[in-house]
Amino acid sequence: MKKAKRTQDHLIFKISLLSISIFLMMAPAISPALPLMYHAFPGVDQAGVETLATIPNIGIVIGLLISPFLIRFIGAKATILTGLVVTLLSGTFPMYATAYTPILISRFLIGAGIGLFNSLAVSLIPQFYGDDEEELATMVGYQNVMGGLGAAIASFLISYLITISWHAAFAIYFLVIPVLILFTIFVPLPREKVDENNQKKARPKQTVNKKVIMIAIFMFFIFLFCMPMSFKIPAFVVEEKLGTVSELSLLTGILNLVSIPVGASFGFFFKRLHDKIFPIGFLIVAIGFLVIAMSVNFVMLTIGSLILNIGFGLSVPYMYNWLDWSAPKNSVNLATTIVLVLVNVGCAISPMVLNAITSSARMCLLVSAIFFGCFTIYAFIHYLRVHKN
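Residues numbered from 1 in each chain as written. Predicted model: local features only at pLDDT ≥ 70, side-chain atom pairs only at ≥ 80, totals over all residues. Heavy atoms only, no water.

Caption draft 1: Spotlight on the environment of Thr358. You can see Thr358 is positioned in the loop between α17 (332-357) and α18 (361-388). What makes Thr358 buried here is its relative accessible area of 15%. Separated by 139 residues in the primary sequence, Thr358 and Met219 have C-alpha atoms spaced 22 Å apart. Contact partners of Thr358, with chain neighbours within four places excluded, come to Met363, Cys364 and Val367. In terms of polar contacts, Thr358 uses its side chain to reach the backbone amide nitrogen of Ser360, at 3.2 Å. (Helix = DSSP H or I, 4+ residues; strand = E, 2+ residues; numbered from the N terminus. Buried < 20%, exposed > 50% of the residue type's maximum accessible area, 1.4 Å probe, protein only. Contact = heavy atoms within 4.5 Å. Polar contact = N/O pair within 3.5 Å; in protein donor to acceptor, adjacent residues only side chain to side chain.)

Given below as structure tokens:
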């Protein structure tokens, strides 16, 4: 007698479960539309407009913090569906709005919506595939790819939509509708009853140490100075007449696709380079920013962006690995949450900090290159000191 397929073995279930991860990296995807918005809001400076690309990161932090409480009251599936609805409504709101403040609030809310299901997009996979190591590893691999794929799809769509208007760029968030339908119909998530007394007894106390705090501070500055690749490159392309924002959006989509195999090959490089990845990765990032800052045509910009993506594909996963090694036993979740909060705060305040340093897009990119150059020197000294000991 043929064995009946489990729900999680069906292709439509896997697609539906993974589909929510498409939106994890989509909040800043509207960055190529920023140059078209600089003169749309009288009285709002360039930094204020660029904040529209980064304010979702603060919303994500709030969503991440609210999510566990919401799951306890309404269950995981209802929390995910709530997050998707908030993402849809707030994401498409700027299509119809013209005032800066309501749009800024909607951008904050899209982050909060994504934050509600951010951690669940990862944690639900072991719930369904925890009894099969190979299947679990495969699904986790697919989940990691989905964020980059979503960002790439959004960039390709925006390359056309911004030829209509900056309002049209926000139509990418209508992609939530098919995902909302798929997840509602094909992913059964029964609400679990939680025994709070047993949960309190079983839950070990989590702590942090100096290394975790140091890594969290590093990640804050890394993402603070890496965000100009999102919100300053569009302004740079327009200022220096290197191309159109539509061409830039198309390039962003291609680079997001390229970042998928780069991220997937981190394990391959780590086996061969080990801790050398720390200084090498950030050296590549510094070179990437320098090439972009020195660009005189679109080809040079493309080469610099490719170098930059390769550098981040090596350096950022290393930082998260370092965090896993450094966190006290049973405290990886707390350490990761602290890092995620500081990363998102760094992303959110980046336009204000960088525009306070310089108003020139080229100089802003050069400042990032200098920061990562200095950080490379630290990484190299740290590598030598650790291996000497």
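The rest of the description comes next.
Caption draft 2: A look at the packing of helix α5 (residues 76-92) against helix α6 (residues 100-129). α6 packs onto α5 with a crossing angle of 150 degrees between their chain directions and a minimal axis gap of 8 Å. Classified by the angle between their axes, α5 and α6 sit roughly antiparallel to one another. In the packing of α5 onto α6, the handedness of the crossing is left-handed. In contact with Ala76, Thr79, Ile80, Thr82, Gly83, Leu84, Val86, Thr87, Ser90 and Gly91 of α5, α6 contributes Ser106, Leu109, Ile110, Gly113, Ile114, Leu116, Phe117, Leu120 and Leu124. Of the residues that constitute the contact of α5 with α6, the class distribution is 11 nonpolar, eight polar and no charged. (Axes fitted to C-alpha atoms, helices over the stretch in contact; angles between N-to-C directions. Parallel < 35°, antiparallel > 145°, perpendicular 65-115°, else oblique. Left-handed = near helix turned anticlockwise from the far one by under 90°. Nonpolar A, V, L, I, M, F, W, Y, C, P; charged D, E, K, R; others polar.)

Caption draft 3: Quick look at the confidence of the model for the protein chain. Confidence in the prediction for the protein chain averages 86 pLDDT; 93% of positions are at 70 or higher. Averaged pLDDT values over the elements of the protein chain bottom out at 50 in helix α9 (residues 196-202) and peak at 95 in α5. (pLDDT = per-residue confidence, 0-100.)

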